[in-house]
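This is what each chain is made of:
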Amino acid sequence: MAAPSTPRVVSETGPRAATPAAPLSVDPSDRLISSEESAPPKPFPALAREPKREPRFYREVQQQHSRPPEPPAPPLRPDPREAFEPRLSRKAAKSQEGRLRPEPMPPAPPRASKGLRRRLSGGGDGSGGRRGGGWGRRLLIWGLTLAIWVGVGIGGVVAYYAVDLPDIDKMTATTRRPSVVFQSVEGEVFAAFGDLYGEPLTLPEISPYLIQAVLATEDRRFFSHFGIDLFGLARAFYTNLRAGHVVQGGSTVTQQLAKNLFLTPDRTMKRKMQEVLMALWLERRFSKEQILALYLNRVYLGSGTFGVDAAARRYFDVSARKIGLYQSAVIAGLLKAPSRYSPINDPEASRRRTADVVQNMVEAGYIDQKTADAAQVTGAAELVHRAPAAGRYFADWMMSHLDQFGEVAGRDIVIQTTLDLGLQRKVEADLKALLAGPGAKANVSQGAVVVMTPDGAVRAMVGGREYDDSQFNRAAQGLRQPGSAFKPFVYLTAMERGYSPDDTMEDAPIKLGNWSPGNYTGRYLGTITLRQALAESINTVAVRLVEAVGPNRVISTARRLGISSDLRRDATLALGTSEVTLLEMTNAYAAFANGGQGVTAYGVAQITDPSGHVLYKRQGGGFGQVISPTALARMQDMMTAVIQNGSGKAARLDRPAAGKSGTTQDYRDAWFMGFTADYVAGVWLGNDDYRNEMKKVTGGGLPAQLWKQVMVAANQGLPPRPLTMPAMEQPAPGEPSGEPGGTPTEESGGGLGDTIDDLLKGIFGR
C-alpha cells in the first residue's frame, strides 16, 4: 500500500486546486473554503474511514460519541494549579471559521457545590485547614498594616501639635505681674493687685489635710497613673454623656500643672493635645511628690493668689503649714472655680462646695464620717479672713499714680495708704442710703464724695454709687461744672486786690453782650455786701467782681490753689461754667482750711517690700503759702456765713465750719464743698446722662445734708476747734500791698491780659 500523501491546504486568498492528489477524510464542518464563495459548501460523499489518517481530535470526538454514557461521577475537588482554558465565544468561533482549528481544550469541569466552596474557603469541618490558615495570615497582615498606619497617624498628630510647644526648660521661671497690696492707716488690707504668691513649700511642709482634700477632689489615682487617668476619662465621659453637658472633667493633677505652667485655658483640641504631651513629659522628668508640690505652689486660687500658702494667708491669715481640715476643704474647693466659690465673693456657694470636698475625703478614705460631720459644724463657724469690699475707687486712683514711684517698678510692694477704712465704709453707706431714699425721689442716680485732711491726705473717696456696677471714678475722673462752688476763687481774687467782706456792690440785672445772668431766686436785692452776696450765692455780684478783677487773675488764683483743668477766660467763669473734678475742688479748698498752704492730694504714706524694707516714705510736700493771712481771714469770714446764714444752712455742725454750695443750669449738678479745722470734704450729686435732670436739687439741699453726715463721722471723737488761721505775714503773691478794706490797687499779678484790661477800663470806664 502506497504511503499516504500529505494533504494540501487551501488558502483563503490563493487559487483553488483543480484536483486533489488523494482523497481526504475531513469532517465537512472542518472544510476550509474561500471567502469569495457565496453558496454554502456541499457535503462530501461518504468515504471509507482510515483511522490512522484521521486527525487526533476527530478520533477523540468519535470515540466520545460512540462510548456508552457513564453514570455521573461525584464532584471532585479541582486542582487549583490547573488552568482552565476559556471557551471561544460565538463571534470568535465564527472568525476562526475556515482556518485550521487548534487542538480542542478539555471540557470544563463541573461546578463545585456550595458545601465544597465553603470548605475551599476555609470553613466547614476543618478539611480546608490550609485555606483557614491563609485567611488567618491575611487578617494578621491586615492588622499589622492598620496598626502601622495608626501609628503613622498618631505620630503625625503628635508632630503637628508638638512643633510649637513652649520652652519646657523655662518652667521654673515665674512670669507674673508684681503684686501690690494696699493697707489702710490701721494696717488692714483692703485691696490687692497683681499676682500674689505665697512661700514655696515642699510636700512634707504642707498640711496633710490640704493634700488629702486636693487629691480626694481632683485626682484620687494620682500616685498610680502615668500622667493620664484613663479610668477618670472614661468616668467623666460617661457622666457627661448622661448629663447631656459637661459636668465633670478627666484631667489629672499633672495635666492641670502642664496647663497652668505652659498653656492657655482655651478649650481647643490643640491645647488639649499639648496638655497631654506636656503631662507625659512632666511625669518622665519629675517624681510624683515634686509634681504635686509644684502644682500646689503654682495653682491659681482666686483674689489674685497663686499657691496654697498665698490663699491660706489671703482667706484665713494663716500659713498653709497650719491650715485645718475645714479650711483645707475651702481651698481645695476653689480649684474648680476660684471666683465662683470664693469665701469672699459668695460665702454660701463656698460653704456648699466645701461640704462636697469634705464628703470626697470620706469617700477616698482619708477621714471617717464622724470627723467630717464635726468639721462641718465647727469649721463653718470659723471666721474667714475677708477683704472688705471698700476703698476700691481709692485703690484704682492709687494704681493710676504708681508710675510716679520709679523706685518700686516691677517689684512686689505693700503700700501703706492714708485711707481711713472705717470712715470709708461710713461714707459709702451714707451715699448709698441717700441715693436709695430721697435721692431716688429727686431723680438722683449718682454721687461722689472726697474727704481729706487739710494737708492733702485723702481719708475717704467714693467714686460712684456701686463699684461693681461702674468702675468709673466720678470723684477723680468725672469732669462736671461746679456752679457757684467756684465763686470762692473769684472772691479770693477780689480780697487779694483789696476788697473786704463789708464792701458793697449792686445786685441788679447785668448784660454782657447777649448774656444776661440772673439769680436763682429771680429777685434782685439792690446794694448788698460781698459777705451777703457770697452767703446767698448772688450771681450778678459774682459776675461784676470777675469783670472788676479780670478772668485771668481768677484763673491764676485757682491754679495756685490746685485747679488744673481748663478754665474759660470770660465772665461766665464766675458762675462755674468750666468743668473740674471733685478731687480738684476738694484739694483747692484745703488751702482755706490749713492756713493758706498749697497742697496736693495724696494717698501714699509709705511703700515697703513684703519683708518690710522701706522703699519710699512721704516727707513734707505742698507749695508753701498760696493765700495771704489777710485774704484768708476775709474768706473764712464770708464762707462761714454761707453755713450759718446762707445757702448752706443744712450743713451746720457743732463746731466752726465754712463752705460753699453750687448748682448748675437745669439742675444737672449739685455740689457742696466745706471744711473744719480737721477735715475738708466735697460732695457731688447728679446723673451720668446730662439730659437726665434732677428734680430741683440744689447744692444747699441733698449735697449739704450728705456733707454734714460725712463730717460728723469724720470729726467724731475730736474736740471742736476754731478754723486755722496763720500768723499775719507778708502778702502772698497776687495780694496788693494796700490796707484791708481799701480800694483795689492797680497791681500786676494777673498777667499781661489783666494789665491791658485795667488800662482800658481806666480810659473808657466800666
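All values derive from a computational prediction rather than experimental measurement.

## Thoughts on the overall build of the protein chain
Of regular secondary structure, the protein chain possesses 24 helices and 16 strands. Looking at the protein chain as a whole, 44% of its 766 residues qualify as buried. In the protein chain, once contacts between residues fewer than 6 apart in sequence are set aside, the share between residues at least 24 apart is 70%. For the protein chain, the exposed surface amounts to about 41,400 Å²; the carbon and sulfur share of it is 55%.

## Considerations on the sheet that holds strand S15 (residues 669–675)
Spatial strand order, S7-S6-S16-S15-S14: five strands in an open sheet with antiparallel pairing. Each edge of the open sheet is held by one strand with a lone partner, namely strand S7 (458–462) and strand S14 (658–663). Within this sheet the neighbouring strands show an average axis-to-axis angle of 5°, counted without direction. Bridge count between strand S6 (residues 446–452) and S7: four bridges; the pairing is antiparallel.

## Description of the nonpolar core
The nonpolar side chains of a soluble globular protein tend to be buried, and buried together. In this structure, Phe489, Tyr589 and Phe592 are the most contacted members of the largest nonpolar core, which totals 87 residues. Apart from the residues within four sequence positions on either side, tyrosine 589 is in contact with Ala485, Pro488, Phe489, Met639, Lys660, Met673, Gly674, Phe675 and Val680. With 49 residues, the next largest nonpolar core counts Leu325, Tyr341, Val362 and Ala372 among its residues.

## Observations concerning the pairing of strand S1 (residues 180–183)
Neither face of S1 is left uncovered, since the one carrying Val180 and Phe182 and the one carrying Val181 and Gln183 both have all their residues buried. With four bridges joining them, S1 and strand S5 (residues 413–417) adopt parallel strand pairing. Paired with valine 180 across the two strands is isoleucine 413, which belongs to S5. Of the strand pairs in this sheet, S1 and strand S2 (residues 189–193) are connected by four bridges, and their pairing is antiparallel. Residue pairing in the sheet places phenylalanine 182 in a bridge with alanine 191 of S2. Hairpin remark: S1 followed by S2, antiparallel, with five residues in the connecting loop; positive phi at glycine 187, about 90°.

## Some thoughts on the pattern of salt bridges
Scanning the model with the defined rule gives 20 salt bridges in all. A salt bridge links aspartate 669 to arginine 480, with the nearest nitrogen and oxygen atoms 2.6 Å apart. Residue aspartate 669 is located in strand S15, and its partner arginine 480 is located in the loop between S7 and helix H17 (487–496); the two are separated by 189 residues in the primary sequence. Where salt bridges share partners, they join Glu348, Arg351 and Arg352 into one cluster.

## Section: the sheet that holds S5
Strand order in this open sheet of five strands is S2-S1-S5-S11-S12, and the pairing throughout is mixed. Strands with a single pairing partner mark the edges of an open sheet, and in this sheet they are S2 and strand S12 (614–617). Averaged over all pairs of adjacent strands, the angle between strand axes in this sheet comes to 20°, irrespective of strand direction. Against the sheet, helix H14 (residues 392–399) makes contact with S1, S2, S5 and strand S11 (604–608), and its axis sits at roughly 45° relative to S2, the strand it touches most.

## Observations concerning unusual backbone geometry
At serine 303, a residue that is not glycine, the phi angle is positive and equals roughly 55°. Within the secondary structure, serine 303 sits in the loop between helix H9 (288–298) and strand S4 (305–306). Despite not being glycine, tyrosine 667 shows a phi value in the positive range, around 55°.

## Comments concerning helix H10 (residues 308–316)
Most of H10 is tucked away, with eight of its nine residues classed as buried. Taken together, the buried positions of H10 are occupied by Val308, Asp309, Ala310, Ala311, Ala312, Arg314, Tyr315 and Phe316. For H10, the elements touching its buried residues are strand S3 (196–197), helix H5 (208–218), H9, S4 and helix H11 (325–333). Phi turns positive one or two residues past the end of H10, at aspartate 317, with a value near 55°.

## So, the environment of glycine 595
Mapped onto the elements, glycine 595 comes out in the loop between helix H21 (582–593) and strand S10 (597–598). Taking the C-alpha atoms as reference points, glycine 595 and proline 454, separated by 141 residues in sequence, lie 8.9 Å from one another. Among all residues touching glycine 595, those that are not within four sequence positions of it are Gln625, Ile627, Leu632, Thr724 and Pro726.

## Description of H5
Across the eleven residues that make up H5, a large majority, eight, are buried. When we look at burial in H5, the residues that qualify are Leu210, Ile211, Ala213, Val214, Leu215, Ala216, Thr217 and Glu218.

## Some details on a nonpolar patch on the surface
On the surface, Trp135, Leu139, Ile141 and Trp142 cluster together into a nonpolar patch covering about 460 Å² of accessible area. Within the fold, leucine 139 resides in helix H4 (residues 129–162). Overall, the relative accessible area of 53% leaves leucine 139 in the exposed class.

## Re the environment of glutamate 289
With respect to the helices, strands and loops of the structure, glutamate 289 is situated in helix H9. Taking C-alpha positions, glutamate 289 is 6.7 Å from leucine 203, a pair spaced 86 residues apart along the chain. With residues near it in sequence (within four places) discarded, glutamate 289 still touches Leu203 and Phe223.

## Comments concerning the packing of aromatic side chains
When we look at a pair of aromatic rings, we describe it by the centre distance and by the angle of the planes. For the coordinates displayed, the defined rule picks out 17 aromatic pairs. The side chain of arginine 138 reaches across the aromatic face of tryptophan 135, ending 4.6 Å from its centre.

## Quick notes on the confidence of the model for the protein chain
Across the protein chain, pLDDT averages 80, with 70% of residues at or above 70. Here residues 29–38 scores under 50 on pLDDT; set against residues more than four positions off or in separate chains, the count is 16 contacts. A low-confidence stretch, residues 730–753 stays under pLDDT 50, and its non-local contacts, those more than four residues away or across chains, total 42 contacts.

Here is what the cut-offs are and how they apply
- Residues numbered from 1 in each chain as written.
- Predicted model: local features only at pLDDT ≥ 70, side-chain atom pairs only at ≥ 80, totals over all residues.
- Heavy atoms only, no water.
- Helix = DSSP H or I, 4+ residues; strand = E, 2+ residues; numbered from the N terminus.
- Buried < 20%, exposed > 50% of the residue type's maximum accessible area, 1.4 Å probe, protein only.
- Contact = heavy atoms within 4.5 Å.
- Areas by Shrake-Rupley, 256 points an atom, 1.4 Å probe, with all protein chains shown as cover.
- Pairing = 2+ DSSP bridges.
- Axes fitted to C-alpha atoms, helices over the stretch in contact; angles between N-to-C directions.
- Core = buried A, V, L, I, M, F, W, Y, C linked by side-chain atoms within 4.5 Å.
- Salt bridge = Lys/Arg side-chain N within 4 Å of Asp/Glu carboxyl O.
- Patch = residues over 30% accessible without salt bridge, like charges linked within 9 Å, V, L, I, M, F, W, Y side chains within 5 Å.
- Phe/Tyr/Trp six-rings, centres within 6.5 Å; stacked < 30°, edge-to-face > 60°.
- Lys NZ or Arg CZ within 6 Å of the ring centre and 35° of its normal.
- pLDDT = per-residue confidence, 0-100.

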